[in-house]
Amino acid sequence: MNVLEAMFGIFKGKGLSLYLVEGRSVLGFLVAGLVLTALAGAVYGLAMGIGIDSRTGVKDAAKVAAILLMAYFLSLPVFFLAYRLLGRGDGFNQIAAVALAGVLSAAVVMAVASPVIFLYGVASGNSAGLPYVHIALVDVAALLGVFILGNLVYRAFPTDRQGLVVPNAVGVIMVVLVAVVSVNFFRPFLEPSASFSVGTDRLKESLGIGVAGKVEDALRLAAATNRMEYRYQLVQPERGVEKDFTVVRVGDNYQVLVHRLASPGLPLVTDHRVMVLGAKTYSDFSGQMLEVPRDEVSGVLDDSVPQKAFSTNYARGIEFRARTESRNSSENYTARGKGKDLEITALLDPSNMRLREIDVEEKSPSGTSKLMVSGLTGVFLAGDSLRSAISGQMTAVQDPADSRLKVLWEAQAAAAYLEKPDSDSFQYTGSSDYFALSYPRGWQVGTWDPGRRSATFNECPEPNCARVIVEVGGLERGKGLPEMLADLRDGLRSNSSNRDVATRTDSTNGRPVGVAEYNYDYADGGFLRTAHRIQYLYLGKLAKYSVSGVAGTDKFEDYRTRFGKTAQSFDYLR
């Protein structure tokens, strides 16, 4: 049977209408019509998605074909009941052929319009207006389907046609009813998105297909990442265990802020801090960060580190179902799984399927435990670091006499060195004056001079060797960096031993810095020698700092890069 001829012959009282009037078999029309419906839907879906990429096009082709076929099969019970209520005794195949004619006519219109959809999608870049074009085309296709059905019901009536307004109206009502039911059924799966394949994904995931794999991948990625921050909470009421930590991780370095730690037989711990820097473990005692054996803080580290907090063992063997929902003004892909003694809820970012939160409730003979990991700032955050996390806490402490400021500063300096290790340098930290710098490996460090508040780093002990000098001074009211630089310039020029004094303002690590360069004469063993000095000025919250590089005029250019690198590494309380 020629399917298109059978369908469009309805307008002349031939084709399918003649088959129905004469009682011929319509099995061939049903089989060929279903195949053509699926192909027409696939062509339209391919045109929808191929502009995004080939994978999306294939998924959309399968999706639209499945929607048309499901819409047809959903309409069959409605048509069958309507025919019986009208007193029609047609067989099921005949009724199925009538319903198929409406769906097939709509599918053919969509297939014919697919080149337009493809060209519009490519030209518009899948703009926000594209879904409305789809809606308009589907409406036109549905109207043609209603028209075909009306003609078919009218032409296929074998007896008196009086009062056919009623059955024709019933045919329209049937189609509208099927359309309303279909739209409401498929609406959650047809919401516009970057990819029109979202419907297929949601349908699969509401059935649990592929969800467990996505949860395991998200947990595995979170456990493997080297930069992250999250809130870890564990409650085991029957065991008397309660843990509430904030964990910051950079590489193999950790800072764990203990908000609350309650364990049987041990005193309650609050507002405590544990750090892992390199191979060393530190714990906060009376405001001082002291090195301790790792097993002494095992109660904090053992289960809160990412490898344990985001263990894929939680999701293994659990059947999950997922849907996208709003929470805290953000969209979340929420996967829920339930095992024999385990319930898991995982929130993932819909755009990249990375973990945001996970709740695990586990029941055992010893009681129920509740694990919550939340506030995950993301994974692989390029700008996040242990040092910046500590800096955030330092802003709340401005009193130099507060012991917390010294502890936080030491932790930040250590973290900065570990995050950016330099095989050519050592790290120096001025704990009481809140500055740190990296000085060349192999150079000697002089003792801190508390009177002059300065320290000197020498390449060798002789007076003519290159050296770096760090000096700390007090702030002066009403004077900023330009005024400091002007005072330094005037003071240098007032000394007759200084020559060629030049000053400028520069930028180091995004911060303004004053720079002064000059030559000066000095006596060395009865000889008059000339040295060149470059001096960097920094203005901090608690002090002003000076970092100077000094070398003989004949060798200074050989050291300029090294002095600049030291100035770049200089850190202070800003």
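The model shown is predicted, which means the values in this text are computed figures rather than measured ones. (Residues numbered from 1 in each chain as written. Predicted model: local features only at pLDDT ≥ 70, side-chain atom pairs only at ≥ 80, totals over all residues. Heavy atoms only, no water.)

A few words on unusual backbone geometry. At Y434, a residue that is not glycine, the phi angle is positive and equals roughly 60°. Secondary-structure assignment places Y434 in the loop between β12 (425-430) and β13 (435-440). Taking relative accessible area as the criterion, Y434 reaches 5% and is therefore assigned buried. We note that D500 has phi near 55°; this positive angle belongs to a residue other than glycine. Note on placement: D500 falls in strand β17 (residues 498-508). (Helix = DSSP H or I, 4+ residues; strand = E, 2+ residues; numbered from the N terminus. Buried < 20%, exposed > 50% of the residue type's maximum accessible area, 1.4 Å probe, protein only.)

Scanning all chains against the criterion turns up 1 disulfide. Note on cysteine connectivity: C460 is disulfide-linked to C465, with sulfurs 1.4 Å apart. Disulfide C460 to C465: torsion about the S-S bond roughly -55°, handedness left-handed. Of the two residues, C460 and C465, both sit in the buried class. (Disulfide = S-S within 2.5 Å.)

Relative to strand β11 (residues 367-374), strand β1 (residues 227-236) runs antiparallel, the two being bridged by 5 bridges. From the neighbouring strand, R231 faces β11, where its bridge partner is S374. Here strand β10 (residues 355-364) runs beside β11; their pairing, made up of 7 bridges, is antiparallel. Residue pairing across strands places V360 opposite L371, the latter belonging to β11. Between the end of β10 and the start of β11, which pair antiparallel, lie 2 residues. (Pairing = 2+ DSSP bridges.)

For the rest of this paragraph, the subject is the confidence of the model for the protein chain. Across the protein chain, the average pLDDT comes to 79, with 82% of residues at or above 70. For residues 192-199, every residue scores under 50 in pLDDT, and the model assigns this stretch 20 contacts once sequence neighbours within four places are set aside. In this model residues 379-383 is a low-confidence stretch, pLDDT under 50, and it forms 13 contacts with partners more than four residues away in sequence or in other chains. (pLDDT = per-residue confidence, 0-100. Contact = heavy atoms within 4.5 Å.)

Formed by 42 residues in total, the largest nonpolar core has its most connected members in Y230, Y232, F310 and L355. Counting residues per element, this core draws most heavily on helix α9 (residues 211-224), at 6 residues. In this structure L355 touches A218, L219, A222, F310, A346, L347, L348 and L376, once residues within four positions along its chain are discounted. Core analysis: the next-biggest nonpolar cluster, separate from the first, contains 40 residues, L405, Y428, V470 and V513 among them. (Core = buried A, V, L, I, M, F, W, Y, C linked by side-chain atoms within 4.5 Å.)

All right, on to the environment of S105 then. Structurally, S105 is set in helix α5 (residues 92-124). Residue S105 is classed as buried on the basis of its relative accessible area, which comes to 1%. As a C-alpha pair, S105 and F147 span 42 residues in sequence and 9.5 Å in three-dimensional space. Here S105 is in contact with M7, L144, G145 and I148, once residues within four sequence places are set aside.

Before going further, it helps to examine the sheet that holds strand β20 (residues 544-552). Spatial ordering of the open sheet is given by β14-β15-β16-β20-β19-β18-β17, a layout of 7 strands whose pairing is antiparallel. Every other strand in the sheet has two partners, leaving β14 (444-445) and β17 as the edge strands with one partner each. Each of β16 (467-473), β17, β18 (511-524), β19 (527-539) and β20 is contacted by helix α15 (residues 556-569), which is oriented at about 25° to β19, the strand it contacts most. (Axes fitted to C-alpha atoms, helices over the stretch in contact; angles between N-to-C directions.)

A few words on the packing of aromatic side chains. Enumeration over the complete set of coordinates arrives at 20 aromatic pairs. With centroids separated by 6.0 Å and ring planes inclined at 35°, the aromatic side chains of Y428 and F435 adopt a geometry described as tilted. With respect to class, Y428 is no different from F435; both count as buried. One aromatic cluster is present, built from ring pairs that chain together Y428, F435, Y439, W448, F457, Y538, Y545, F570 and Y572. (Phe/Tyr/Trp six-rings, centres within 6.5 Å; stacked < 30°, edge-to-face > 60°.)

Let's shift gears to the pairing of strand β2 (residues 241-250). With respect to burial, β2 is a largely interior element, 9 of its 10 residues being buried. Pairing geometry for β2 and strand β3 (residues 253-262), over 9 bridges, is antiparallel. Each residue of the ladder has a partner; that of F245, found in β3, is V258.

Overall, antiparallel pairing links the 3 strands, which are arranged β12-β13-β21 in an open sheet. With one partner strand each, in any of the chains shown, β12 and β21 (571-572) form the two edges of the open sheet. Of the pairings in the sheet, the one linking β13 to β21 comprises 2 bridges and is antiparallel in character. Paired with F435 across the bridge in β21 is Y572. Packing against the sheet, α15 makes contact with β13 and β21, and its axis sits at approximately 155° to β13.

Axis separation between helix α3 (residues 27-49) and helix α4 (residues 54-85) bottoms out at 7 Å; the angle between their running directions is 140°. Accordingly, the angle class assigned to the pair α3 and α4 is oblique. Crossing of α3 against α4: the hand is right-handed. Here L30, L34, T37, A38, G41, A42, Y44, G45, L46, M48 and G49 of α3 lie close against α4, whose contacting residues are T56, G57, V58, D60, A61, K63, V64, A65, L68, L69, Y72 and F73. Looking at the contact of α3 with α4, its residues break down into 15 nonpolar, 6 polar and 2 charged. (Parallel < 35°, antiparallel > 145°, perpendicular 65-115°, else oblique. Left-handed = near helix turned anticlockwise from the far one by under 90°. Nonpolar A, V, L, I, M, F, W, Y, C, P; charged D, E, K, R; others polar.)

Attention shifts here to the environment of I50. With respect to the helices and strands, I50 occurs in the loop between α3 and α4. Relative accessible area serves as the criterion here: at 34%, I50 is assigned to the partly exposed category. In sequence terms I50 and D60 are 10 residues apart; their C-alpha atoms lie 8.5 Å from each other. Those residues within four positions of I50 in sequence are excluded, and the remaining contacts are G57 and F118.

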